[in-house]
Amino acid sequence: MLSRVAESVYWMNRYMERAENYSRFLDVNFQLSLDLNEDSNRQWMPLVYTTGDNELFSRKYNIPSKENVIHFMSLDIENPNSIMNCLIRARENARTVRENISTPMWEVINEFYLTIKSKRKFEDSDMPGIAEFFKAIRNQCLLFYGCQEATISHDEVWHFALLGRLLERADKTTRILDMKYFILLPSREEVGSTLDLIQWLSLLKSASAHEMFNRFYTRITPKNIAEFLILDKIFPRAIRFCLSKTFDSLKVLSGTDKDSYGDETEKRVGVLLSEMNYASIDEIFSSGMHEYLDQLQVRLNGIAAQLDETYFRN
């Protein structure tokens, strides 16, 4: 398989996953702002910190208002990580590997791009329909994943697609957790308050995890939520699940058996996954949640960089 094809398929899926995650963050925060009747810096600026684009945002906008943040993260062409730019790049990657993906996949991503491209800017009058806008984005992304699942062979192309989706998903789960634990850390008076509880619920909803969380936990607590989103083995947006499936795909690509590793990427994922298999949420909390998530992000970035070196630069 050509490294060019592998790289394009990988990034096509990373960008689609990123667009979906952004739509989740923004929609949940928008709904939260309606519930709290609040439009403060504390409500919206943390989303920009989550994506790591706070410096660019501060240069462009004086006020982190609802309208500014939504536009910046959705349609701003100058923001390299906006939903619009994610779709532009996903579509371009799809175009370059057109012969390796199915017609339904191409049609979904192309129609998705054309729909979003027609939207230039959000006005105040658009706010009542913003929830439907984000819902449409999520649905298009899920349609793309469904087409990919059902219409291409589960060969090397498929596994590189999975790697892009899973690594992006794991990264964004660490970031949304870190936003709550570090950036939105409440004062002592607010811990356990209604506001604190609503924010935890919004975090679960950002990962579409609320219903699945309720199946296994009876109480919404920081430890329970962190345990579910970090260490759960069967929830598809949990970090441990993402790493487990990443490892499985790397094994297929390298052709090695379970008792050895084929390359440095596989080794890094295997080591991290082994550590998580024996980790407990109490140990993570005692060592510092923010520090743990920060190191996890660094290691995920290292895995992505090593993957690039191993498979895309040869």
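Described in the following lines is the structure provided in the data block.

Procedures and definitions
- Residues numbered from 1 in each chain as written.
- Predicted model: local features only at pLDDT ≥ 70, side-chain atom pairs only at ≥ 80, totals over all residues.
- Heavy atoms only, no water.
- Helix = DSSP H or I, 4+ residues; strand = E, 2+ residues; numbered from the N terminus.
- Contact = heavy atoms within 4.5 Å.
- Core = buried A, V, L, I, M, F, W, Y, C linked by side-chain atoms within 4.5 Å.
- Buried < 20%, exposed > 50% of the residue type's maximum accessible area, 1.4 Å probe, protein only.
- Domains from an automatic or database assignment.
- Axes fitted to C-alpha atoms, helices over the stretch in contact; angles between N-to-C directions.
- Left-handed = near helix turned anticlockwise from the far one by under 90°.
- Nonpolar A, V, L, I, M, F, W, Y, C, P; charged D, E, K, R; others polar.
- Expected span 1.5 Å × (residues − 1).
- Salt bridge = Lys/Arg side-chain N within 4 Å of Asp/Glu carboxyl O.

Quick word on the overall build of the chain
And then number 1: Each helix and strand in the chain was counted, giving 15 helices and 0 strands.
And then number 2: Of the contacts made within the chain by residues no fewer than 6 positions apart, 67% connect residues no fewer than 24 positions apart.

Topic: the nonpolar core
And then number 1: Membership of the largest hydrophobic core comes to 97 residues, with the highest contact counts inside it found for Met16, Leu26, Leu229, Ile230 and Leu243.
And then number 2: When we break this core down by domain, the ones giving at least three residues each are domain 1 (1-152) and domain 2 (153-313).
And then number 3: When neighbours within four sequence positions are excluded, Met16 is seen to be in contact with Leu87, Ala90, Ile109, Phe112, Cys141, Phe144 and Tyr145.

Quick look at the packing of helix 5 (residues 83-96) against helix 6 (residues 103-117)
And then number 1: Two elements in contact, helix 5 and helix 6, have axes whose closest approach is 10 Å; the angle formed by their N-to-C orientations is 150°. The interaxial crossing formed by helix 5 with helix 6 has left-handed handedness. Across from Met84, Leu87, Ile88, Ala90, Arg91, Ala94 and Arg95 in helix 5, the residues of helix 6 making contact are Trp106, Ile109, Asn110, Phe112, Tyr113, Ile116 and Lys117.
And then number 2: The class makeup of the residues in the contact of helix 5 with helix 6 is 10 nonpolar, 1 polar and 3 charged.

Observations concerning helix 5
And then number 1: Counted at 1.5 Å a residue, the expected span for helix 5 with its 14 residues is 20 Å, and the 20 Å between its end C-alpha atoms agrees.
And then number 2: Taken together, the buried positions of helix 5 are Ile83, Met84, Asn85, Cys86, Leu87, Ala90, Asn93 and Ala94.

Details of the pattern of salt bridges
And then number 1: On inspection of all chains with the given rule, the structure shows 19 salt bridges.
And then number 2: The salt bridge partner of Arg138 is Asp27, with a shortest N-O separation of 3.1 Å. A residue pair is termed long-range when its members are at least 10 positions apart, and Arg138 in helix 7 (residues 130-151) and Asp27 in helix 1 (residues 3-36) qualify at 111 residues.
And then number 3: By relative accessible area, which is 18% here, Arg138 ends up buried.
And then number 4: Overall, the relative accessible area of 10% leaves Asp27 in the buried class.
And then number 5: Residue Lys223 is joined to Asp282 by a salt bridge in which the shortest nitrogen-to-oxygen separation is 2.8 Å. In this pair, Lys223 is assigned in helix 11 (residues 222-231) and Asp282 in helix 14 (residues 281-287), connecting sequence segments 59 residues apart.
And then number 6: We classify Lys223 as partly exposed; its relative accessible area is 35%.

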